[in-house]
Amino acid sequence: MIWKVHALKQVIMDCLINLSVYGLLRFISATWKTPWKGFFCSDISIMYPYTPALMDSELYYAIVFTIPIILVLLNSLIMVCRTKEYMGVLQDVYKILSMYLLGYNASRVTAMIGKRAIGRLRPNFYSACKPSVNCDHMSPFTYIHNFTCAHETDFTRNSFPSQHSTVAFYTAVFILLYLQKRPLHGSVVSLSIKHLIQIVVMQLAWTVAIFRIRNYFHHESDVLAGIMIGTFWAIVTVYLFLKLDIAQDDDIHFEEKTNFSLQLKEVKNRDNNGVTCKDQTTLNVS
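Rules used throughout
- Residues numbered from 1 in each chain as written.
- Predicted model: local features only at pLDDT ≥ 70, side-chain atom pairs only at ≥ 80, totals over all residues.
- Heavy atoms only, no water.
- Axes fitted to C-alpha atoms, helices over the stretch in contact; angles between N-to-C directions.
- Helix = DSSP H or I, 4+ residues; strand = E, 2+ residues; numbered from the N terminus.
- Parallel < 35°, antiparallel > 145°, perpendicular 65-115°, else oblique.
- Left-handed = near helix turned anticlockwise from the far one by under 90°.
- Contact = heavy atoms within 4.5 Å.
- Nonpolar A, V, L, I, M, F, W, Y, C, P; charged D, E, K, R; others polar.
- Phe/Tyr/Trp six-rings, centres within 6.5 Å; stacked < 30°, edge-to-face > 60°.
- Buried < 20%, exposed > 50% of the residue type's maximum accessible area, 1.4 Å probe, protein only.
- Lys NZ or Arg CZ within 6 Å of the ring centre and 35° of its normal.
- Disulfide = S-S within 2.5 Å.
- pLDDT = per-residue confidence, 0-100.
- Expected span 1.5 Å × (residues − 1).
- Core = buried A, V, L, I, M, F, W, Y, C linked by side-chain atoms within 4.5 Å.
- Patch = residues over 30% accessible without salt bridge, like charges linked within 9 Å, V, L, I, M, F, W, Y side chains within 5 Å.
- Areas by Shrake-Rupley, 256 points an atom, 1.4 Å probe, with all protein chains shown as cover.
- Salt bridge = Lys/Arg side-chain N within 4 Å of Asp/Glu carboxyl O.

Asker: Whenever I open this one, the packing of helix α3 (residues 86-118) against helix α5 (residues 163-181) confuses me. Can you help?
Answerer: Between two packed helices, the angle of one axis relative to the other and the distance separating the axes together describe the packing. Where α3 contacts α5, the axes come no closer than 10 Å and their chain directions differ by 155°. In terms of axis orientation, α3 runs roughly antiparallel to α5. For the pair α3 and α5, the sense of crossing is right-handed. Facing α3, whose interface residues are I96, M99, Y100, G103, Y104, S107, R108, A111, M112 and K115, α5 presents Q163, T166, V167, Y170, T171, F174 and Y178. Taken together, the residues that form the contact of α3 with α5 break down as 10 nonpolar, five polar and two charged.

Asker: Explain the packing of aromatic side chains here, please?
Answerer: Centre-to-centre distance and the angle between the planes together describe a pair of aromatic rings. In total, this model carries 19 aromatic pairs according to the counting rule given. Taking 4.8 Å as the distance between ring centres and 15° as the angle between the ring planes, the aromatic pair formed by Y48 and Y216 counts as stacked. Of this pair, Y48 sits in the loop between β1 (39-40) and α2 (57-83) while Y216 sits in the loop between α6 (190-214) and α7 (220-242), placing them 168 residues apart in sequence. Y216 sits in the partly exposed class, given a relative accessible area of 28%. Site record: aromatic cluster; members linked through ring pairs are F65, Y100, Y104, Y170, F174 and Y178. One Lys or Arg, R108, reaches over the ring of Y61 and ends 4.1 Å from the middle of that ring.

Asker: Would you mind going over the state of the cysteines with me for this structure?
Answerer: Here, the word disulfide means a covalent bond between the sulfur atoms of two cysteines. Under the counting rule described, the total for this entry stands at two disulfides. Covalent S-S linkage joins C41 and C135, the inter-sulfur distance amounting to 2.1 Å. Since a negative S-S torsion denotes a left-handed disulfide, the C41-C135 link at about -75° is left-handed. Of this pair, C41 sits in the loop between β1 and α2 while C135 is found in the loop between α4 (125-129) and β2 (143-144), placing the two residues 94 residues apart along the sequence. Note on C135: relative accessible area 17%, which makes it buried. The disulfide bridge from C129 ends at C149, spanning 1.7 Å between sulfur atoms. As the torsion about the S-S bond is roughly -90°, the C129-C149 disulfide counts as left-handed. Of this pair, C129 sits in helix α4 while C149 sits in the loop between β2 and α5, placing them 20 residues apart in sequence. Across this residue pair, the class does not change: C129 and C149 are buried. Taken in sequence order, the bonded cysteines of the protein link in the pattern 1-3, 2-4.

Asker: Help me understand the confidence of the model for the protein in this model?
Answerer: Parts of the model with low pLDDT should not have their predicted coordinates read in detail. The share of residues in the protein with pLDDT of 70 or more is 82%, and the mean pLDDT across the chain is 84. Below pLDDT 50 for its whole length, residues 247-264 participates in 17 contacts with residues either more than four positions away or in separate chains. Note that residues 275-286 has pLDDT below 50 and, in this model, zero contacts with residues that lie over four places away or in other chains.

Asker: Help me understand α3 in this model?
Answerer: A turn of α-helix holds 3.6 residues, and therefore any two residues three or four places apart point the same way. With 33 residues, α3 should reach 48 Å at 1.5 Å per residue; the first-to-last C-alpha distance of 48 Å fits that figure. Directly beyond the C-terminal end of α3, a positive phi value near 65° is found at G119.

Asker: How should the nonpolar core be read in this particular structure?
Answerer: Nonpolar side chains tend toward joint burial in soluble globular proteins. Within the largest apolar cluster, 44 residues are counted, with the highest numbers of intra-cluster contacts made by I96, Y170 and F174. Put simply, the parts of the chain that give this core at least two residues each are α1 (2-31), α2, α3, α5, α6 and α7. Broken down by element, this core gets its largest block of residues, 11 residues, from α5. Leaving out residues up to four positions away in the same chain, I96 has contacts with V72, F174, Y178, L242 and L244. Counting 11 residues, the second-largest nonpolar core is a separate cluster that includes F39, F125, C135 and C149.

Asker: What should I look at first to understand a nonpolar patch on the surface in this one?
Answerer: A cluster of nonpolar side chains, L54, M55, L59, I63, I67, W206, I210 and F211, forms an exposed patch at the surface whose accessible area comes to about 760 Å². Where the nonpolar patch is concerned, the elements lending two or more residues are α2 and α6. With respect to the helices and strands, the residue I63 is situated in helix α2. Under the relative-accessibility criterion, I63 is labelled partly exposed at 40%.

The following block contains the structure:
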């Protein structure tokens, strides 16, 4: 009964912490206004064409967020089928997903603070904002601060850091480290599958980051900062929040190595016995 009360307290505490971090994210997003930044007419880094996004940002976050959850659940289901340890696996899944959610929201809070505090203009700022200024009649070194946008939105002043890159690399690095700590269970090819998944998710994250630059939504430094933030929080989540045990080789590979060692030892013993018998026969004949 005591352990049930303790488990309930832990669940309530985890929920409160996750809700607090998520609430902070929403609070910053809703109330913290992006600072108004001016520009120079000679700044060609903000005059790239505007191209519509391939996917709505919230839909993108939802899709990326669910990928590690599905992977953890599938791997845990395989583990249950093999070990029949329902409660132990369930507790492990709860701990992993709870801390994954905490790190995910923390990474987005870090990125959102940067966006709201700095207010860097995007590469497509000029074409997306359409400022009420004619740069043809301005000195290229004049800093223009007083202007209005035809399509005013905080979107044009939220370049640093790239939150898409933050989320992509947080989930990718989390999956990479999770599979290293909780390797796939089942077949002899599980090690190859693990490495394949790790490579694929890292390549997908890198593709997201590259396309944010290619489509003129972010500067290179914005994407680099997003990669660093996502990677940092993934490492913190796995090594500090979760403290997962260091994974050894997959069980089946360990068994194969053990069997091979036993067979090798058996052969050596057989050879030694054969030599001993031969020596004894020679001595008897003599």
